[in-house]
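Summary of the model geometry
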Amino acid sequence: MKILRSHYSLDVSSKEFEKNIFISGWVEDIRNIGSIAFIILRDKKGTLQVTALKKKNPELFEKIVSIPRESVISVNGICKKSDKARNGYEIIPDDFKILSKAETPLPLGVVDKVESELDTRLDNRFIDLRKQNIQAIFKIRNEVIASVHDYLKKKDFIEIHTPNIIASSSEGGTDVFKIKYFEKDAFLAQSPQLYKQMMMATGLDRVYEIAWYFRAEDHNTRRHLNESTAVDLEMAFISGEEDIMKILEGLVHSMWMKASECKEEIEILEKKVIVPKLPFKRISYDEAIDILNKNGLELSWGDDFGTEEEKKFGEIMKKKGSEFYFITKYPLEAKPFYTMPEGEKLSRSFDLGCKGVELASGSQRIHDVELLKERIKICGLNPKNFDAYLKTFRYGMPPHGGFGFGIERFLMELLDIKNIRECILFPRDRTRLIP
RNA sequence: GCCCCGGUAGUGUAGUGGCCUAUCAUCCGAGCCUGUCGAGCUCGGGACUCGGGUUCAAAUCCCGGCUGGGGCGCCA
């Protein structure tokens, strides 16, 4: 099999000067000066210049300058050293072939001098992704997820895959999508929570999943998606939630570190990525309430933090030099049924915050089946609906805990992206189902 | 789910009852130009979200649908 190129744009070196090379890509721009024309060709790695001279081959010249922008072509030609051209070389074409002609006008310009709205860009995401700054986000995303696998493998975790189609109506806390499953009703999983806990009864001890979350919530904001991804992790034989926070902060640190190594992409995005220092500050819910009240807010014990409180708290922590912080020991009432209580009112739980945004939340879980049943009832759910889940607690279930960590939220904070839709290829929000 | 604000060429915009045969840029097409890299210049092309209503007259005012943006609630 022969690939339709001998070189990528940026792989051409002085070794190729005066030699014939074969290149392929998208026609980004054509600047026709009259007797000479410059065709900017884009491939995976960058752009290069094809320089056509009318005098040399009038027929080829006419044909090549009339190719619509964004068509895919391949070009055969001599590579010439040129100080005037980008990359220090240019291709003088001997012949070329249109592999796929682009229609005009384009629904979205790749190098046009006008901005486009996010909505238009998402409608034409395949073209949007031809821009190197948009690609950069997903290249960084890839690296960050690679570091999740690397880090957790080192910590002796295995990656698992649990069902997205589930029978149990809800673990509470959020609306789920109802679907038809042959003769039964089924639901899309809001998270792998119950399944990853069930894995704790197997002896695998440490598991994680790059999970899809499906949430049927009617919100429409720039930080919510109805389909999102997360790093979901669970580990057994813990002595408390601190064991989990250690893994989480180490994970976040390694993801941030890996992202900071994507120098080229960070430069394209014109961002700064500063790796946070470990350990992250631990602040109990009680202390957080105190801090907020001392800073002019009026909160009673048991109140949830709203957006205003979260922002304010993020600011205060930043001033103290902690961009990342854990808020621990939330009121039991504010947490889902599987959360381990601590005393009467508190829970062995934590949220990871960053500049006022909640990135992750986790806890030690209940491993005693009777307590778990009781908590399910108190939370207004029916233990009958959780039989398969509860069964795994009856034949040897070690103490365990874990967290869920939203990947798109993480990218927003990492790259200072204002709309979460930028962080996922094809976002699903309240109204968008296509593409 | 609640509140606020929008929808004008392919893209992004100007236009608040008659001056709109709708502005500008980008884009597309034709032409000129031998070193462009946001190329330049000349000429041409292309639009008022949909359905009702008010009015002598609606892009402009009113009602509804669809749809976009922001905020809140909830959450990741």
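Coordinates for the structure precede this section.
A few points on the structure. (Residues numbered from 1 in each chain as written. Chains lettered and ligands numbered in written order. Predicted model: local features only at pLDDT ≥ 70, side-chain atom pairs only at ≥ 80, totals over all residues. Heavy atoms only, no water.)

1. Considering the overall build of chain A
- Broken down by element type, chain A carries twelve helices and 18 strands.
- Per-residue burial for chain A yields a buried fraction of 50% across its 435 residues.
- In chain A, of all internal contacts separated by at least 6 residues, the share reaching a separation of at least 24 is 64%.
- Carbon and sulfur atoms provide 51% of the accessible area of chain A, an area that totals close to 22,500 Å².
- Averaging the positions of the 69 positive and the 69 negative side-chain charges in chain A gives two centres separated by 5 Å. (Helix = DSSP H or I, 4+ residues; strand = E, 2+ residues; numbered from the N terminus. Buried < 20%, exposed > 50% of the residue type's maximum accessible area, 1.4 Å probe, protein only. Contact = heavy atoms within 4.5 Å. Areas by Shrake-Rupley, 256 points an atom, 1.4 Å probe, with all protein chains shown as cover. Lys, Arg positive; Asp, Glu negative; His and termini not counted. Charge placed at Lys NZ, Arg CZ, Asp CG, Glu CD.)

2. Considering the sheet that holds strand S7 (residues 165-166)
- An order of S7-S9-S8 is seen for the three strands of this open sheet, with the pairing classed as antiparallel. Every interior strand has two partners, whereas the edge strands, S7 and strand S8 (178-181), have only one. (Pairing = 2+ DSSP bridges.)

3. Topic: helix H10 (residues 369-378)
- For H10, the set of buried residues is Val 369, Leu 372, Arg 375 and Ile 376. Axial view of H10: buried residues confined to an arc of 120°, hence all on one face. Those residues of H10 that are exposed and aimed more than 90 degrees away from the buried face are Lys 377 and Ile 378.
- Check the buried side of H10 and you find it contacts helix H11 (387-391).
- Residue Gly 380 follows H10 closely and has a positive phi angle near 80°. (Arc of directions from axis to C-beta.)

4. Structural notes on the protein's contact with RNA strand B
- Lining the immediate surroundings of RNA strand B are 52 residues, of which Arg 31, Ile 33, Thr 120, Asp 218 and Thr 307 lie closest.
- The sugar-phosphate share of atoms of RNA strand B within 4 Å of the protein amounts to 53%.
- In this structure, a sugar or linking oxygen belonging to RNA strand B sits 2.9 Å away from a side-chain N or O atom of Ser 116.
- Of all the elements in the fold, those that place two or more residues in the surface near RNA strand B are strand S1 (20-32), strand S2 (36-43), strand S3 (46-53), helix H2 (118-123), helix H9 (307-319) and strand S17 (357-364). (Near = heavy atom within 4 Å. Polar contact = N/O pair within 3.5 Å; in protein donor to acceptor, adjacent residues only side chain to side chain.)

5. What to know about the side chain of Glu 90
- Within the secondary structure layout, Glu 90 lies in strand S5 (residues 89-100).
- Here Glu 90 is buried and forms no salt bridge, its nearest opposite-charge partner Lys 84 lying at an N-O distance of 7.7 Å.
- Within the structure, the side chain of Glu 90 is placed 3.4 Å from the side chain of Gln 49, a separation counted as a polar contact. (Salt bridge = Lys/Arg side-chain N within 4 Å of Asp/Glu carboxyl O.)

6. Here we look at the nonpolar core
- In terms of nonpolar packing, the biggest core is built from 51 residues, with Leu 152, Phe 405 and Leu 414 touching the most fellow members.
- The element that contributes the greatest number of residues to this core is helix H4 (residues 132-154), accounting for ten residues.
- Contacts of Phe 405, omitting those with residues within four sequence positions, involve Tyr 213, Thr 229, Ala 230, Val 231, Leu 248, Leu 251, Val 252, Met 255, Leu 359, Ala 360 and Phe 410.
- Ile 21, Leu 41, Leu 60 and Ile 67 belong to the second largest nonpolar core, which has 22 residues in total. (Core = buried A, V, L, I, M, F, W, Y, C linked by side-chain atoms within 4.5 Å.)

7. Concerning the pattern of salt bridges
- Using the criterion set out here, one finds 36 salt bridges in the structure.
- Of the charged contacts in the structure, one is a salt bridge between Arg 282 and Glu 242, with a shortest N-O distance of 2.8 Å. On the criterion of sequence distance, the pair formed by Arg 282 in strand S12 (residues 281-284) and Glu 242 in helix H6 (residues 241-260) is long-range, its members being 40 residues apart.
- Taking relative accessible area as the criterion, Arg 282 reaches 25% and is therefore assigned partly exposed.
- Several salt bridges share partner residues, and in doing so they unite Arg 121, Arg 125, Asp 128, Lys 131 and Glu 422 into one network.

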